[in-house]
There are 2 protein chains.
Amino acid sequence: MFNFAFKYYTMNIPLSSYPRIVIIGGGFGGVSLAKKLSKKEVQVVLIDKNNYHTFQPLLYQVSTGGLEPDSIAYPLRKVLIGYDNFYFRLAEVENIDTAGKKLNTNIGDITYDYLVVATGSETNFFGNEEIEKNAMSMKSIPQSLNLRSLILENFEQALLTDDYHERDALMNFVIVGGGPTGVELAGALAEIKKGILPKDYPDLDTRRAQINIVQGGDCLLPGFSAQASKKAEDFLEKLGVQVWKGVRVTGYNGKTVTTKTDLKFDSAAVVWAAGVKGAIIPGLEGEGVAAGGNRINVNEFNQVIGHPEIFAIGDIACMATVDNPRGHPMVAQPAIQQGKLLGENLIKLVEHKAMKPFIYNDKGSMATIGRNKAVCDINKFRFQGVFAWFVWMFVHLFFLIGFRNRMVVFINWVYNYIRFDREARLIIRPFKRDYSQFKD
Amino acid sequence: MFNFAFKYYTMNIPLSSYPRIVIIGGGFGGVSLAKKLSKKEVQVVLIDKNNYHTFQPLLYQVSTGGLEPDSIAYPLRKVLIGYDNFYFRLAEVENIDTAGKKLNTNIGDITYDYLVVATGSETNFFGNEEIEKNAMSMKSIPQSLNLRSLILENFEQALLTDDYHERDALMNFVIVGGGPTGVELAGALAEIKKGILPKDYPDLDTRRAQINIVQGGDCLLPGFSAQASKKAEDFLEKLGVQVWKGVRVTGYNGKTVTTKTDLKFDSAAVVWAAGVKGAIIPGLEGEGVAAGGNRINVNEFNQVIGHPEIFAIGDIACMATVDNPRGHPMVAQPAIQQGKLLGENLIKLVEHKAMKPFIYNDKGSMATIGRNKAVCDINKFRFQGVFAWFVWMFVHLFFLIGFRNRMVVFINWVYNYIRFDREARLIIRPFKRDYSQFKD
């Protein structure tokens, strides 16, 4: 399509008399931090591989046609509009050269005085390459759009076959992982099965569509209160979702999901939501990286052990505390709070003042299961049902970036609620899909 | 990613005692026709290669970040909800077997009693393969999204080079074709240059960005009144667009646009809006197809010459009349009107009654150039400016399908107007882009 020959010479960021802070990643942590550094005597360079911030908690609504991708994404350049001495670069960081205090990226090198790693997390397949190849994950907007297209394509395909095993497999969803992502996706799919499929596919027996959620541990929503966990399971079962607990998935060859027991699922739509790991960048491996989770060990100032000029915040950072000996939960709140505090601390550091240690203010957890159904654990309060659902919506609208996004999401929710509908059920693949892979 | 092995057996459409009408294409024509056939004694099969209807007149707003793609697309299955005896199939038609009265598609064959070809049009490169390979076109949602990503990527790239020729080329837009699509796109890009680029790229001299519109003929908006054409040119020039008339583009190698004269443009973003042709399907070539335009000759009932059971409507149909000796203009109105009338005529045909000939009710033409700037030719009325701009918006909202789409588009327009903004400036490519093509 396009073959303009680019030559990358430099990142073209002018030297400044102020110290340069480079932030890798424009997620919750990176954006909260950048906002705090506005109008300070520092130069800030924000690097991201996308030109937008993604509101990850609502990705499952993109996958299920409830929201447009554009309304949960926000241009990163717009976040920085009006900030002096700020630079954004669309780039992938390839390596951190801690000795030379610089980054190697696909668009050239850049030096830093202070570096903040806020790369977030990626799906953890625990080394199972077969599952990685065949299952879908849902950590980014392109992945969510691919899942949306796959779900819709599967129903179109189910119409075409006379083999009822194949038809059932095409309508059989297996969600691996019973955390908030898995639970919310299962609930949304159950609502679609009830409200949309019978109308959209009158010539298909969509009652045979099944939604399975498979959890390795013995309860859904680990980390939530026992009450929330139990209620979420009740809600899902009322919606017709099959909840499998204590079942560990061992493989998926693109046709059949195998487990540690003799339980098997034939499925054409397997979503892997069973774990995340820090999105590590080469260069900090050694002592910095916590075993197993791919997270970077930091002290109470989010400083990487052994590198006082390097910080890590959010999902990628592992700050062991008494309450959270294996680091804070990999969700939005620790990232936002660490970003804000680090903003203040970096200014203190530049001014040779003492930094303030991070103390996590756990605002609780919530998950929505479906129409009028959510569970909330907020401080000592545990509540479920309609009120929890309203709280969930309010909180998500509040944390969404951008006035227009909030308005569009709100209108979609009102519309979907009143009409029992989800209109963004579109198969859109900007690059043409290769259908040959579907042939025998 | 996904390797479920599909075996296509059949389209799985049951035989009915009613005659079967197969419609190829869910654009303005196909949808208008389908709506008219609801609750009639016919079986209707609608085939489209997308599962959604595209509101093509607003594609340029998707390309320029003003609207989300999902708000100008509408699920075709939802159009048909509640219609009895209707079937939708996501398929590409490969051939029309007129002798066997059946279609060959990528998901199997299907017979028809009556066939309606409503495949619309595609970009016409007039056989120039070099331009086809290197220029962007804007006839579908994936194409519009690719153009949006390309525009944004070019500005990101422009930041990185020290070669000012290259930087200028990356910020140099060449729009080939001065019809409504070219004019509307040029205007939107000019608004972006004025309102968004200086804020988004403070470290880039975006005053050097140029928008060129190149028209082979001697006026913009051919087919409009001389007054509208002149005013559109004034509007564009006021917005800083360079208007080149009487210039025929001969090539584009991915770097340089060549013309019949010695005028050249170095550009990394060339949009080809210089022509469309009917999206022909093999099988009707012979006498049915009009020379040059790839359109199918039809009589006053939209019946294909020599095939009384085959009809063509909309862009693909060429109905020569006194007012339009080379067929009606390839825009939405003739398609909608022909679709509605054919719906009535097909029922008449089934009931052995006389069909009604098509008479085009020309409702006029309009194009928007930018904020408060549009031109309208409606019957004898020619008006331009703010009022025309309101009329343009009202008409487009009216013809958009779906209440939610209208609401979301309306809110975006109000927001964009008040804030001088376009927030959907996101580089989203669901399939990972191969960056190696950018390297030398």
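Given the structure is predicted, the values throughout are model-derived calculations rather than measurements. (Residues numbered from 1 in each chain as written. Chains lettered and ligands numbered in written order. Predicted model: local features only at pLDDT ≥ 70, side-chain atom pairs only at ≥ 80, totals over all residues. Heavy atoms only, no water.)

### Description of empty space enclosed by the protein
All names here are of chain A. Evaluated as defined, the whole model comprises ten cavities of 30 Å³ or more. Taken as a whole, the largest cavity encloses approximately 370 Å³ of empty space. Considering every element that reaches the lining of the largest cavity, the biggest residue donor is helix 7 (residues 180–195), with seven residues. For the lining of the largest cavity, a count of residues per class yields eleven nonpolar, seven polar and six charged. Summarising the domain contributions, the lining of the largest cavity has at least three residues from each of domain 1 (20–123 + 277–350) and domain 2 (126–274). (1 Å grid on protein atoms, 1.4 Å probe; cavity = no way out; pocket = protein on both sides within 12 Å on 5 of 7 lines; lining within 4 Å. Points joined across faces, edges and corners; volume = space filled by probe spheres on them. Helix = DSSP H or I, 4+ residues; strand = E, 2+ residues; numbered from the N terminus. Nonpolar A, V, L, I, M, F, W, Y, C, P; charged D, E, K, R; others polar. Domains from an automatic or database assignment.)

### Some points on the side chain of Asn128 of chain B
Residue and element names in this part refer to chain B. Along the polypeptide, Asn128 turns up in the loop between strand 10 (121–123) and helix 4 (129–134). At 2.8 Å, the side chain of Asn128 forms a polar contact with the backbone oxygen of Thr250. Among all residues touching Asn128, those that are not within four sequence positions of it are Thr250 and Gly251. (Polar contact = N/O pair within 3.5 Å; in protein donor to acceptor, adjacent residues only side chain to side chain. Contact = heavy atoms within 4.5 Å.)

### Section: the packing of aromatic side chains
Across all of its chains, the model carries 26 aromatic pairs over all chains by this definition. For the pair Trp389 of chain A and Tyr417 of chain A, a centre-to-centre distance of 5.2 Å together with 40° between the ring planes defines the contact as tilted. Here Tyr417 of chain A lies in helix 12 (residues 403–419) and Trp389 of chain A lies in helix 11 (residues 386–399), a separation of 28 residues in the sequence. Between Phe155 of chain B and Phe173 of chain B, the aromatic rings sit 6.1 Å apart at their centres with planes inclined by 35°, giving tilted as the arrangement. Of this pair, Phe155 of chain B sits in helix 5 (residues 141–158) while Phe173 of chain B is found in strand 11 (residues 172–176), placing the two residues 18 residues apart along the sequence. In this arrangement the basic side chain of Arg371 of chain B is found over the ring face of Tyr417 of chain B, its NZ or CZ atom lying 4.0 Å from the centre. (Phe/Tyr/Trp six-rings, centres within 6.5 Å; stacked < 30°, edge-to-face > 60°. Lys NZ or Arg CZ within 6 Å of the ring centre and 35° of its normal.)

### With respect to the pairing of strand 14 (residues 249–252) of chain A
The side chains of a regular strand alternate, first on one face of the sheet and then on the other. All names here are of chain A. As judged from the three bridges shared by strand 14 and strand 15 (residues 256–259), these two strands associate in the antiparallel manner. When the sheet's bridge partners are listed, Tyr252 is paired in strand 15 with Val257. Two successive antiparallel strands, strand 14 and strand 15, enclose a turn made up of three residues, where Gly254 displays a positive phi of approximately 100°. (Pairing = 2+ DSSP bridges.)

### A short note on the domain arrangement of chain A
Residues and elements named next belong to chain A. Partitioning chain A into domains gives domain 1 (20–123 + 277–350) and domain 2 (126–274). On a C-alpha basis, the centres of domain 1 and domain 2 stand 31 Å from each other. Domain 1 puts 18 residues into the contact, and the matching count from domain 2 is 17 residues. Taken over both partners, the interface formed by domain 1 and domain 2 buries close to 1400 Å², and the fraction arising from carbon and sulfur atoms is 66%. Its largest share of buried area at the contact with domain 2, domain 1 owes to Tyr60, Ser63 and Thr123, together 40% of the area lost on that side. Taken together, the links from domain 1 to domain 2 amount to zero salt bridges. For the side of domain 1 that touches domain 2, the secondary-structure elements that each account for two or more residues are strand 3 (52–54), helix 2 (59–63) and strand 10 (121–123). Broken down by element, the residue count for the side of domain 1 that touches domain 2 peaks at four residues, all from helix 2. Its residues assigned to classes, the side of domain 1 that touches domain 2 shows nine nonpolar, seven polar and two charged. (Buried area = accessible area lost by both parts, 1.4 Å probe. Salt bridge = Lys/Arg side-chain N within 4 Å of Asp/Glu carboxyl O.)

### Observations regarding the sheet that holds strand 11 (residues 172–176) of chain A
Within a sheet, adjacent strands bond to each other through the backbone by hydrogen bonds, running parallel or antiparallel. Residue and element names in this part refer to chain A. The parallel open sheet is built from four strands, whose spatial order is 13-12-11-17. Of all strands in the sheet, those with a lone pairing partner are strand 13 (242–245) and strand 17 (269–272), marking the two edges. The mean angle between the axes of side-by-side strands here comes to 15°, regardless of whether they run parallel or antiparallel. Bridge count for strand 12 (residues 210–215) against strand 13 is four bridges, and the pairing is parallel. By the bridge assignment for strand 13, Ile213 is matched with Val243. Set on the sheet, helix 7 makes contact with strand 11, strand 12 and strand 17; between it and strand 12 the angle comes to about 170°. (Axes fitted to C-alpha atoms, helices over the stretch in contact; angles between N-to-C directions.)

### Points about the UniProt feature "transmembrane region" (unreviewed entry) in chain A
UniProt tags residues 386–403 of chain A as "transmembrane region" (unreviewed entry). Measuring from the first to the last C-alpha atom of residues 386–403 of chain A gives 25 Å, for a span that is 83% helix and 0% strand. (UniProt positions renumbered as here; feature names shortened; annotations may be inferred.)

### Looking at the environment of Thr321 of chain B
All names here are of chain B. Position of Thr321 relative to the elements: it lies in the loop between strand 22 (317–318) and helix 10 (332–350). What makes Thr321 partly exposed here is its relative accessible area of 27%. Only 3.0 Å separates the side chain of Thr321 from the backbone nitrogen of Asn324, close enough to count as a polar contact. (Buried < 20%, exposed > 50% of the residue type's maximum accessible area, 1.4 Å probe, protein only.)

### What about the sheet that holds strand 24 (residues 373–378) of chain B?
Residues and elements named next belong to chain B. Here three strands make up an open sheet; going across it, the order is 23-24-25 and the pairing antiparallel. Edge positions in the sheet fall to strand 23 (365–370) and strand 25 (381–384), since each of these pairs with one other strand and no more. Across the sheet, the mean angle from the axis of one strand to that of its neighbour is 5°, orientation sign disregarded. Of the pairings in the sheet, the one linking strand 24 to strand 25 comprises four bridges and is antiparallel in character. Within strand 25, the residue paired with Ile378 across the bridge is Phe381.

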